[in-house]
Amino acid sequence: MNDGQVAIVTGGSRGIGKAISLELASSGRRVAIVYKSNRDRALETLKEIESLGGEGDIFQADVTKWTDIEEVVKRVLTKWGRIDILINNAGITKDKLLFKMDEEDWDEVLDTDLKGAFICTRLIARHMIKNGEGRIVNIASVIGEIGNIGQSNYSAAKAGLIGFTKACAKELSRWNITVNAVAPGYIDTEMTSILDESIKKEYLSRIPLGRFGKAEEVAKLVLFLVSKDASYITGQVINIDGGLVM
Ligand code: NAI
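Please read all numbers here as calculations on a predicted model, not as lab measurements.

Each value, and the rule that gives it
Residues numbered from 1 in each chain as written. Predicted model: local features only at pLDDT ≥ 70, side-chain atom pairs only at ≥ 80, totals over all residues. Heavy atoms only, no water. Pairing = 2+ DSSP bridges. Helix = DSSP H or I, 4+ residues; strand = E, 2+ residues; numbered from the N terminus. Axes fitted to C-alpha atoms, helices over the stretch in contact; angles between N-to-C directions. Contact = heavy atoms within 4.5 Å. Salt bridge = Lys/Arg side-chain N within 4 Å of Asp/Glu carboxyl O.

*Asks:* Explanation requested: the sheet that holds strand S1 (residues 6-10) in the structure shown.
*Replies:* The strands that make up a sheet pair up through hydrogen bonds in the backbone, lying either parallel or antiparallel. One open sheet holds the seven strands; their spatial order is S3-S2-S1-S4-S5-S6-S7, and the pairing between them is parallel. Whereas interior strands pair on both sides, the edge strands pair on one side only; in this sheet they are strand S3 (55-60) and strand S7 (237-240). Strand after strand, the sheet turns through a mean of 20 degrees between neighbouring axes, direction not considered. Relative to strand S6 (residues 177-184), strand S5 (residues 134-139) runs parallel, the two sharing six bridges. When the sheet's bridge partners are listed, Ile 139 is paired in S6 with Val 182. On the sheet, helix H3 (residues 66-80) packs against S1, strand S2 (30-35) and S3 and is oriented at approximately 155 degrees with respect to S3. Contacts from helix H9 (residues 215-225) reach strand S4 (85-88), S5, S6 and S7, with the element oriented near 165 degrees to S6.

*Asks:* Any chance you could explain the pattern of salt bridges here in plain terms?
*Replies:* Once the charged atoms of two side chains with opposite charge are near each other, the side chains can pair. Summed over all chains, the structure comprises 15 salt bridges. Between Glu 23 and Lys 220 there is a salt bridge, and its shortest N-O distance comes to 3.2 Å. With Glu 23 in helix H1 (residues 15-26) and Lys 220 in helix H9, the pair connects residues that are 197 residues apart, well separated along the chain. Taken together, the shared-partner salt bridges connect Lys 94, Lys 96, Asp 105 and Glu 108 into one network.

Below, the structure written as structure tokens:
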């Protein structure tokens, strides 16, 4: 099934990244779970993959560090000999109003959410060329399209990621590598669990489907985008947000 394809998922041990890792493994791909610091969490996800009959491994790396990602690529190629799919999922928020946001808050979010995707794509896409095709999916956000109070850094990073997606789609199409972005709305994960109840209620009132999304729902969309059925889709941003943005 899926020709023994190999997928790299950054931030693959929890939340949306975990759901994507499980979905990819269930569909027969071998999954490299890239995690930043919580090894136990990554091992738990790997165990879940194995209990589903899937194959994977865990790789500690910080997506903002070239040498870390170079090492992941080396190890994945030694282990499995190929890379077919890259999911740039790792991301953080550091919400503050503009006049309270310092340079460090800005840099950390831009480095992780935008530069991290550049580093991974730059180092990994070249290894897709010899397979005659490749799939890259960037996990952006509707906030990159509509902006949000207290999220100027995150909005800029995710808007940047959308532009990056389109440029890469144009550059890499000659090698049959598709590059798309998925823009989730509010998804129930640890990232959103920290939100104030009053803020959650306000967001809910703006979502036509009347609920937050599930990580598994995002993962199903990603699964479609990496499949052969999505071979003619590239450079697109697909919202998955219960109708929040339309
Ligand atoms: P999460 O906080 O549960 O997961 C983020 C993952 O990224 C964690 O595993 C974290 O360790 C990893 N990570 C962070 N910095 C890293 C680094 N420097 N190197 C390697 N890994 C790193 O959050 P969630 O909700 O699963 O988010 C996943 C992606 O989806 C993020 O890019 C987020 O911006 C995006 N997103 C989430 C939404 C939501 O409502 N939860 C909505 C729209 C987009």
